Amino acid sequence: MAKHILSIHAHPDDAETLAGGTLALLASLGHRVTIATMTAGDCGAIETSPEETTNIRKREAETAAAVIGAASACVGFPDLGIFNNDPSRRSVVEFIRSMKPDVILTSAPADYHPDHEATSLLVRDACFAVSVPNYHTGDARPLEEIPHLYFMDPIEQRDRSGSPVLADFTVNVESTIVTKRAMLTKHQSQSLWLQRQHGMADYIRQMEDWTRLRGERAGIAWGEGFRQYRGHPYPQEPLLQELLSSCVVNPK
Ligand SMILES: [Zn+2]
């Protein structure tokens, strides 16, 4: 039976960089995929205003998602303005309730960017609240169950102190690396920005280096790492691993 896979990362291009191959695999298996960002990426530009940048990057996100037939959505926070507080959690809960996902992929708890870390916390705790009837957020109805929750790799597969972040399991994305590259290429406004702010000469090559590194650690050519969040009372069954079956390497 087809599932709804909801990716919620902080900015446009994060999910494509860290999980684009896996999302492409899931879409090719007939699952419904939505790629959501917490912000529209309004600060990720040098020569355009926040409003112009928002419009450009929303279009890029939609075009990237369309490569695999996925939907695109934005929760509506501003860049560098994601904080783990009561109004933000209610917004994220309302968003997840409206999406009714079976599986959520989100950012790593420890990552280089404050928006990534705040997104991870907010999404983790929102998942607990989505099925709580008395937690009021808006028009969307409470969900019956907590979605299966997974963390993607952090950028560079390291935490802020430089220690490697290990994956529970790696998804072999050899069959979708070309699609992943095509998705990321749609975020073309980021080429100049990432050169200037991040010192990345070629953001596509950088993604390839990280995907190759995760693959090498699992003994395959191209990989994407994930960890399942299994805190009480979140779902314990390995639903994502079962959906991806033979593409999963090193399952715990
Ligand atoms: Zn980001």
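Residues numbered from 1 in each chain as written. Predicted model: local features only at pLDDT ≥ 70, side-chain atom pairs only at ≥ 80, totals over all residues. Heavy atoms only, no water.

Undergrad: Which residues make up the coordination of the zinc ion, and what values do they have?
TA: Around a metal, the ideal angle is 109.5 degrees if four donors adopt a tetrahedral arrangement and 90 or 180 degrees if six donors adopt an octahedral arrangement. Coordination sphere of the zinc ion, protein contribution only: His11 (ND1), Asp14 (OD), Asp14 (OD) and His116 (NE2), at 2.0 to 2.5 Å. For the zinc ion, the four donor atoms are set out with angles of 55 to 142 degrees between them, so the coordination reads as irregular. Judged by its relative accessible area of 0%, His116 falls in the buried class. (Donors = N, O, S within 2.8 Å, 3.2 Å for Na, K, Ca; no water. Tetrahedral: all angles 85-135°; square planar, octahedral: opposite > 155°, others 65-115°. Buried < 20%, exposed > 50% of the residue type's maximum accessible area, 1.4 Å probe, protein only.)

Undergrad: Account for the layout of surface pockets, naming residues and giving values.
TA: The volume enclosed by the largest pocket comes to roughly 550 Å³. Taken together, 28 residues line the largest pocket, and the ones lying closest to its centre are Tyr112, His113, Trp193, Leu194 and His198. Secondary-structure elements contributing two or more residues to the lining of the largest pocket are α1 (14-28), α6 (190-198) and α7 (203-218). Examining the composition of the lining of the largest pocket, we find that five residues originate from one element, α6, more than from any other. When grouped by side-chain class, the residues that make up the lining of the largest pocket number 11 nonpolar, nine polar and eight charged. (1 Å grid on protein atoms, 1.4 Å probe; cavity = no way out; pocket = protein on both sides within 12 Å on 5 of 7 lines; lining within 4 Å. Points joined across faces, edges and corners; volume = space filled by probe spheres on them. Helix = DSSP H or I, 4+ residues; strand = E, 2+ residues; numbered from the N terminus. Nonpolar A, V, L, I, M, F, W, Y, C, P; charged D, E, K, R; others polar.)

Undergrad: Give a detailed account of the confidence of the model for the chain, specifying residues and quantitative values.
TA: Summarising the model, the chain shows a mean pLDDT of 97, and 100% of its residues fall at 70 or more. Mean pLDDT values for the elements of the chain range from 89 in α6 up to 99 in strand β4 (residues 103-106). (pLDDT = per-residue confidence, 0-100.)

Undergrad: Report on empty space enclosed by the protein, specifying residues and quantitative values.
TA: Evaluated as defined, the whole model comprises one cavity of 30 Å³ or more. If you go around the largest cavity, you meet 14 residues; those closest to its centre are Thr17, Leu18, Asp153, Gln157 and Trp210. Of all the elements in the fold, those that place two or more residues in the lining of the largest cavity are α1, α7 and β7 (223-228). Here the lining of the largest cavity takes four residues from α7, the largest share from any one element. Here the residues of the lining of the largest cavity are counted per class, giving four nonpolar, five polar and five charged.

Undergrad: Would you mind going over the nonpolar core in detail, with residue names and values included?
TA: Ranked by internal contacts, the top residues of the largest apolar core, which has 40 residues, are Ile5, Leu23, Val33, Ile35, Ile68, Leu105 and Val171. Not counting residues up to four positions away in its chain, the partners in contact with Ile35 are Ser7, Ala15, Glu16, Leu23, Ala65, Ile68, Ala70, Ala71, Ser72, Ala73 and Met183. Ranked by size, the runner-up nonpolar core spans 26 residues in total, among them Leu6, Ala118, Cys127 and Val130. (Core = buried A, V, L, I, M, F, W, Y, C linked by side-chain atoms within 4.5 Å. Contact = heavy atoms within 4.5 Å.)

Undergrad: Talk me through unusual backbone geometry; I want residue IDs and the actual numbers.
TA: A cis amide bond, omega -5 degrees, links His232 with the succeeding residue Pro233. Despite not being glycine, Asp13 shows a phi value in the positive range, around 95 degrees. Relative to the elements of secondary structure, Asp13 occurs in the loop between β1 (4-9) and α1. With a phi close to 30 degrees, Ser245 is a non-glycine residue in the positive phi region.

Undergrad: Outline the state of the cysteines, supporting the account with residue identities and numerical values.
TA: According to the stated counting rule, one finds zero disulfides in the structure shown. With no disulfide of its own, Cys43 lies closest to Cys74 among cysteine sulfurs, the gap being 13 Å. (Disulfide = S-S within 2.5 Å.)

Undergrad: Now, about the pattern of salt bridges: what can you tell me, with residues and values included?
TA: The tally for this structure, following the rule as stated, stands at nine salt bridges. As a salt-bridge pair, Asp86 and Arg90 come within 3.2 Å of each other at their nearest N and O atoms. You can see Asp86 and its partner Arg90 sitting in helix α3 (residues 86-99), four residues apart, about one turn around the helix. By relative accessible area, Asp86 is classed as partly exposed at 44%. Of the charged contacts, one joins Arg124 and Asp125 as a salt bridge, the two residues approaching to 2.8 Å between their closest N and O atoms. Looking at Arg124, the relative accessible area reads 24%, which means it is partly exposed. Put simply, Arg89, Arg124 and Asp125 are held in one network by salt bridges that share partners. (Salt bridge = Lys/Arg side-chain N within 4 Å of Asp/Glu carboxyl O.)

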